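Structure assessment
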Amino acid sequence: MEVKLRFATIFACLVLVVQAQVPPFEEKCEHGMYPPKAESKVASYVINLDLPPAERWTGLAKEKAPQIKDMLVEVKAFVGAFGNGSIIALVDKYLAPLADTLPYPFADELKGIAKATDIPLGEVVLFNVFYEFFTVCTSIVAEDSTGKLFHARNLDFGLFLGWDIKNNTWALTEKLRPIVVNLDWQRGGKTVFKSVNFAGYVGLLTAVKPQTFTYSMNERFSADGGYIGLIEWILGSRDSSWMGFLTRDTLENATSFTEAEAWLANRTLLAPAYFILGGTKSGEGAIITRSREKALDIKRLDPANGRWFLLQTNYDNWENPPFIDDRRTPGDNCMANMSKSNTDLPHIFDVLSSKPVLNKLTTYTALMQVDEGHLESFLQECPDPCIPW
């Protein structure tokens with residue numbers, strides 16, 4: 001109760017302080033935003049799944065070590081603000097040994113990253129845990145007039161992580177952009193799947209398995225939050241799946257949209273989430289609303305009855321989003337204005353570049369097309385005037 005009250009108080013204060021700093025902005029649907037500037041295009045790397053897990057990330061981790069360390073400074077500052085330092089003590093005590101409780105191959109991958117970056121293992125575990133619980137996003141699956149499917153998302157991250165009044169930015173969001181990477185996960189020299197990751201995060205938030213399905217994850221706010229699942233895991237309960245590890249397994253091993261949907265809908269999770277999936281056939285699109293224990297709802301594409309796109313932010317689709325964070329309504333309006341006949345990745349990029357769908361938390365926009373196994377991503381920044389979230 002004390003933690004929830006403190007969180008609510010911080011949020012209320014931030015709303016008042018930040019809104020006072022932000023000039024009014026116009027909600028409008030952008031056009032002609034694609035392609036963005038060449039320097040915003042995210043670089044690609046190969047993760048060789050044939051290597052021992054401890055060696056898979058070595059090259060990338062060494063290259064991005066300085067930026068990962070900069071990012072961790074902000075993460076630790078946030079964590080240290082709670083519990084008068086007691087949370088940091090728990091991190092130091094429990095998170096390094098926690099790596100050994102993780103399923104294969106993830107413990108060895110984390111240890112390899114720690115070795116390559118010279119970052120303490122507990123801190124590597126910390127930022128992998130962090131991505132499980134603090135991802136605020138917008139995801140879209142849409143079908144064009146021919147039945148071709150497209151999947152795109154904004155990854156928004158860094159809420160509460162140090163609002164810079166002078167520059168109108170979030171401290172952690174600024175630190176995350178330099179470690180955004182596209183990954184081509186290969187086995188035997190052939191692509192198994194592709195993803196957009198923060199360097200050093202071994203789970204998956206955005207991915208495509210060519211000719212099979214596309215995937216993104218959005219955080220779901222719930223009183224039965226992920227911190228409860230994490231505590232249960234630390235105390236020895238290992239019945240639940242880490243979201244990032246479950247999705248890795250799904251992308252590696254699921255052989256169809258239907259199989260991926262079943263895995264993500266039915267496995268017990270450490271944290272509630274929204275899983276957004278797209279397939280290869282007309283109508284294969286779904287938003288899976290998850291509690292930790294089960295799927296509460298699966299909303300599907302239904303093009304025959306006019307539902308040719310799905311748009312998910314961070315609130316249950318059967319409830320109205322809060323007025324202080326309504327990205328759904330403007331996003332739905334821009335998708336409707338785009339129309340089914342104009343559906344393609346450039347036009348969806350326009351929607352995701354429209355305020356407030358684009359906001360100060362946005363780190364990147366990813367565009368995916370399953371038939372071609374296409375994945376590209378671009379770093380995003382929201383020019384002033386722009387809403388903080």
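As a reminder, the structure under discussion sits directly above these lines.
Quick look at the structure, then. These figures come from a predicted structure and were not determined experimentally.

The rules behind these values
- Residues numbered from 1 in each chain as written.
- Predicted model: local features only at pLDDT ≥ 70, side-chain atom pairs only at ≥ 80, totals over all residues.
- Heavy atoms only, no water.
- Disulfide = S-S within 2.5 Å.
- Helix = DSSP H or I, 4+ residues; strand = E, 2+ residues; numbered from the N terminus.
- Buried < 20%, exposed > 50% of the residue type's maximum accessible area, 1.4 Å probe, protein only.
- Pairing = 2+ DSSP bridges.
- Axes fitted to C-alpha atoms, helices over the stretch in contact; angles between N-to-C directions.
- Contact = heavy atoms within 4.5 Å.

Let's talk about the state of the cysteines
Here the structure, examined in full by the defined rule, presents two disulfides. The residue that forms a disulfide with Cys29 is Cys334, at a sulfur-sulfur distance of 2.2 Å. Taking the sign of the S-S torsion, about -100 degrees here, the bridge from Cys29 to Cys334 comes out left-handed. Of this pair, Cys29 sits in the loop between α1 (2-21) and β1 (44-48) while Cys334 sits in helix α10 (residues 328-338), and the two are 305 residues apart along the sequence. By relative accessible area, Cys29 is classed as partly exposed at 23%. Judged by relative accessible area, Cys334 falls into the buried class, the value being 7%. One disulfide bridge connects Cys382 with Cys386, the sulfur atoms lying 1.9 Å from each other. Because the sign of the S-S torsion sets the handedness, a value of about 105 degrees for the bond joining Cys382 and Cys386 places this disulfide among the right-handed ones. Across the chain, the way the bonded cysteines pair up, counted in sequence order, is 1-2, 3-4.

Digging into the sheet that holds strand β6 (residues 180-187)
Overall, mixed pairing links the eight strands, which are arranged β1-β6-β7-β8-β9-β10-β11-β12 in an open sheet. Here the strands that pair on one side only, and so sit at the sheet edges, are β1 and β12 (295-300). Between one strand axis and the next, the sheet turns by 20 degrees as a mean value, whatever way the strands run. Relative to strand β8 (residues 206-209), strand β7 (residues 190-198) is paired through three bridges, and the arrangement is antiparallel. Within the sheet, the bridge partner assigned to Lys194 lies in β8 and is Val208. Along the sheet, helix α8 (residues 243-253) makes contact with β6, β7, β8, β9 (213-219) and β10 (273-278), crossing β9 at roughly 175 degrees. Against the sheet, helix α9 (residues 257-266) makes contact with β9, β10, β11 (285-290) and β12, and its axis sits at roughly 10 degrees relative to β11, the strand it touches most.

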